[in-house]
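# Architecture and fold: a report
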Amino acid sequence: MTAADEPLAFGDFLFHPAARTLLLNGTPVALGGPARSLLAALLAEPGHVVSATALMESAWPGGARGEANLRVQMTALRKALAAVPEGQGAILNIPGRGYQFTLPVRRLSAPPVLAGLPDEESGRPPPLLTRLIGRERELALLAERLEDRRLVTLAGIGGIGKTSLALAAAGDWAARHGRRLRFLDLTALSDPALLPAAAGAALGLGTPGLDPVEEIGAALRGETMLILDSAEHLAEATARLSERLLKRSPALRLLVTSREPLGAAGEWLHRLAPLEVPPETEPRDAAEVMAYPAAQLFVERASARLGGFSPKDSDAAGLALLCRKLDGLPLAITLAASRIDMFGIAGLAAGMADLLAAPGPSRRSTPGRHRTMRATLDWSHDALSPADQCLLRRLSVFRGPFSITSALTVMGEDLSFDAGRALLRLETKSLLHRVEGGEDDEGPLRRLLATTRAYAAEKLEASGEAPALHRLHALHVLERVGAAEATRPGMSSAAWRTAHAGLADDLRAAVDWAFGPEGEVEIGLRLLAGSGPLWLELNLAAEYRHRLELALSRLAASGQGETLAALRLHVAAGMTILRNTGEVALVAEPLRRAIEIADRIGEAGAAIRAVGGLWMACIMAGDAAGAARLSAEMDARIPPGTPPDSDLRQAHHRVAGLTLHYAGDQGEARRHADLAMRHLRGRLDTSPYGLMIDQAAAVHVLDARLLWLDGRFDGARAAAEAALAAAEAAEDALSLCYALTQAGIPVAVWTGDPEAPARVERLAATAQRHRMPYWHGWSRCFASLFVRPGEAPGLPRELELTPYHLEVVATMNPALADSATIARAEAGQAAWCAPELLRAKAENLLRRAGSEPGAMRAAERVLREALALAERQALRAWALRSATSLARLWRGQGEHGRAEDLLAPLLVTFDEGRDMPDLVAARRALEAA
């Protein structure tokens, strides 16, 4: 497949240029030929204006068609794209110039797919805090359906107990079969386009983001059930996702809770009824009423409130009436029971009756049970003091758990009272709930149930306070994001993720508000620019990339494409791609754009960071020439007078050293490495100036490679160990992958360390755990080296291997040196290992010497060239290998003295690593000579 034929993705659409077919979530979209040709022409230049003349030529080559035909076809195309919200406005008409495709477009070459163990920390279901009452029949029926159905929807109104029943039934299923159970709360999502990525994150398969459904299907192995909770506001998107997931992932089952059916293919619907309530007939005694689940639930909740409660026979009629008035809704019953100490059963029953008799805010068309739920919440709300009412509605801005400190930010100066007591009052009335196991230095974390939050949010909108409160919340989230980032250096990755995982839902809410009709885009841009580590650590990279792309497209459309905010987003987009998927081809555009903006607005530091990111992309792509240009550009951009021991200078020493190493100038590379080593002060930021890798780990990697080439094998092993230790100390997965790939594994293989296979497995596990396809590809390359005796090694054909991949594996096994890689060495490229690649060519010639005349003579000539090149560049490790191969050849020709004269003086110069395979092979060749 050529680059021009590679599929193009935008939103939920996929366009195949060669076949001119457009798919929406895998389903073909009906479009005429001219419309498809127009789309192909627009997608060939996304973000650019394509003239009407060029578009007409693409749709009707050589034909004379007027602009009226163009407008008709363009209308049909726009209508097809508008089938999903993100497709609306995808094509802009630029008067007098033409048309422009505005959505971000991604070219899909080989989607990065990772197979392996999921992250077991993601998507854990919340605990079921109270036992189910009166749901035995539904639980049994649901358990039966979960055995033979892969998509079950539990439908019912808010407050009826859908989530509790789903958790109980799915938990029983998982425990009975020893399977995985994962949970996704959809109330935190407002954009349907983010749903696939969120599902991947909940499954512990934080997908890279090209096609999350495909990636989930390829990666998910063990049978898993995913609960999609509260799907009603995303019903259509949830239906589409469910169908695609179940088709692509045979090991997956879905349990959905929603106020309405999804309408998806294969859906089994269970409508959850309220708890059974006592009939309207006069009860004989309390025991008769207690036979009904609604009464049982009330008594249990009231008992928890009072520390013990048993209804008397005189309470029977009131309790029966109350249960009927509450229509058996578990949440309404719980709220009512929280007030029993104030009103008693009779007072509660009378109060509810009076309330329901009065005109309420609900419309006449609202179902009775909905009115009851609202009435119950109204009743609980109206019983609060004005200050507590104000606090409750203001707390509705929080989507996730919040602390006393967070609550204080929304209280405002007009609510000057004890925060702890205020929260406790709401908690005792069952309007707030404590988060199990969640607390900070100031006390427990609390949260609002979804139904209560929705009710309180309505009150907030009605109060007129919403715009100010949402802004205050967004600024508070921005502050929390900054505080979280500040704690990273002192915490392990696992502890940091655990400490800040609850921030994700509030971050989503804040970003949604900021980019919404009443928000402030500047705050949203600051949130996105500063929260990258949080999205990535929580395996939400696909969602983050989507949000960045939308923000950038909005900036471009608004004419704010050259602002500081746009600069930060372009840098964040490039760095996210590099860290997440390693799609180096996609990195150039956002980072080069960032450099242009930085230069125009005078942000020198951001420009250097973007240059560093581009340099890193060149290193990952094996582009030594590009890396050299960017290293020089980074040096030129360092402000005059910058101290030699500054972080910026030291970062550049690392950049220059590695660049010179690949270019073949090991002497200058050593000078830069020594300068960087001299000024290592603990651990710097894991991504200084766009370099992403921990500074200490990177410098030790460079040191290990230079020591190896210099023939100091023990030192190379020690430096590789130091690189791994630094990466582990940084607790940064990317730094660990880099240290393993660039030093830990190569040095282990070169020196014959038996730990090499274990390190390859560690690289694979780390890349799988953090969903890093680029580094997972390296693990597969390395794994192909370890074959049984007699088997020929072979690289995975489906991987897109760079020249650098091929160079590295050729130094580990000469049989993997293909003609293109050897040609690069002969052309003066691959300078760091050119002598070894030439030796590999000679070894291949020697294997054909018996059947190919002149092969042995050619092999000798190539070995002489390899040895001379290694000696000229002071590459003692490669010189040793070339000399050993040449000595073997001479010995085979009977020139034993010549072989001894070559090897003997060379061997005495090595005083490290006597057990290293290359030294062992050289000594054997000398003894045979």
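Note that the structure is predicted; figures quoted are calculated from it, not measured.

Conventions and cut-offs
Residues numbered from 1 in each chain as written. Predicted model: local features only at pLDDT ≥ 70, side-chain atom pairs only at ≥ 80, totals over all residues. Heavy atoms only, no water. Helix = DSSP H or I, 4+ residues; strand = E, 2+ residues; numbered from the N terminus. Buried < 20%, exposed > 50% of the residue type's maximum accessible area, 1.4 Å probe, protein only. Contact = heavy atoms within 4.5 Å. Areas by Shrake-Rupley, 256 points an atom, 1.4 Å probe, with all protein chains shown as cover. Pairing = 2+ DSSP bridges. Axes fitted to C-alpha atoms, helices over the stretch in contact; angles between N-to-C directions. Parallel < 35°, antiparallel > 145°, perpendicular 65-115°, else oblique. Left-handed = near helix turned anticlockwise from the far one by under 90°. Nonpolar A, V, L, I, M, F, W, Y, C, P; charged D, E, K, R; others polar. Core = buried A, V, L, I, M, F, W, Y, C linked by side-chain atoms within 4.5 Å. Salt bridge = Lys/Arg side-chain N within 4 Å of Asp/Glu carboxyl O.

## Regarding the overall build of the protein chain
Of regular secondary structure, the protein chain possesses 42 helices and 15 strands. Taking the principal axes of its C-alpha atoms as reference, the protein chain extends roughly 115 × 75 × 60 Å. Each of the 929 residues in the protein chain was classed as buried or not, and the buried ones make up 55%. By sequence separation, contacts in the protein chain at least 24 residues apart represent 66% of the contacts at least 6 residues apart. On the protein chain, roughly 37,900 Å² of surface is accessible, and the fraction owed to carbon and sulfur atoms is 52%.

## Points about the sheet that holds strand β6 (residues 91-94)
Pairing within the open sheet is antiparallel, and its three strands lie in the order β5-β7-β6. Every interior strand has two partners, whereas the edge strands, β5 (49-50) and β6, have only one. Inspection of the sheet shows β6 paired to strand β7 (residues 98-101) by four bridges, in the antiparallel sense. Within β7, the position partnered with I94 by the bridge is G98. With respect to the sheet, helix α1 (residues 33-44) is in contact with β5, β6 and β7, its orientation differing from that of β7 by roughly 70°. Where helix α3 (residues 67-81) meets the sheet, it contacts β6 and β7, and its direction lies at approximately 150° from that of β6.

## Let's talk about the packing of helix α40 (residues 876-892) against helix α42 (residues 917-928)
Each pair of packed helices gets described by two things: the angle between the helix axes and the distance between those axes. Close contact between α40 and α42 brings their axes to 10 Å; oriented N to C, the two are set at 25°. One way to sum up the angle between α40 and α42 is to call them roughly parallel. Handedness of the α40/α42 crossing: left-handed. Facing α40, whose interface residues are L880, R881, T884, R888 and R891, α42 presents D918, L919, A921, A922, A925 and A928. Of the residues in the contact of α40 with α42, the class split is six nonpolar, one polar and four charged.

## Let's talk about the nonpolar core
Core analysis: the largest hydrophobic core is formed by 157 residues, its most contacted members being W615, W708, W775, F782 and W878. Counting residues per element, this core draws most heavily on helix α27 (residues 604-621), which supplies twelve residues. Excluding residues that lie within four positions of it along the chain, W878 makes contacts with W708, L709, W750, T811, W832, C833, P835, E836 and A870. Ranked by size, the runner-up nonpolar core spans 45 residues in total, among them L146, V152, L181 and C323.

## Things to note about helix α36 (residues 803-812)
Along α36, nine of the ten residues are buried, which leaves the element largely enclosed by surrounding structure. Among the residues making up α36, those that are buried are Y804, H805, L806, E807, V808, V809, A810, T811 and M812.

## Topic: unusual backbone geometry
In the Ramachandran plot, S230 falls in the positive-phi region, its phi being about 65° despite a non-glycine side chain. With respect to the helices and strands, S230 occurs in the loop between β11 (224-229) and α8 (235-248). Residue classification places S230 among the buried residues on the basis of a relative accessible area of 12%. With a phi close to 60°, A874 is a non-glycine residue in the positive phi region. Structurally, A874 is set in the loop between α39 (855-872) and α40.

## Observations concerning the pattern of salt bridges
Considering all chains together, one arrives at 44 salt bridges under this definition. Of the charged contacts in the structure, one is a salt bridge between E232 and R259, with a shortest N-O distance of 3.9 Å. Within this pair, whereas E232 is found in the loop between β11 and α8, its partner R259 is found in the loop between β12 (252-258) and β13 (268-271), the two being separated by 27 residues in sequence. On the basis of relative accessible area, E232 is assigned to the partly exposed category, the value being 23%. For R259, a relative accessible area of 38% corresponds to the partly exposed category. Ionic contacts of the salt-bridge type, sharing partners, join the residues D505, R508, D512, E543 and R547 into one network.

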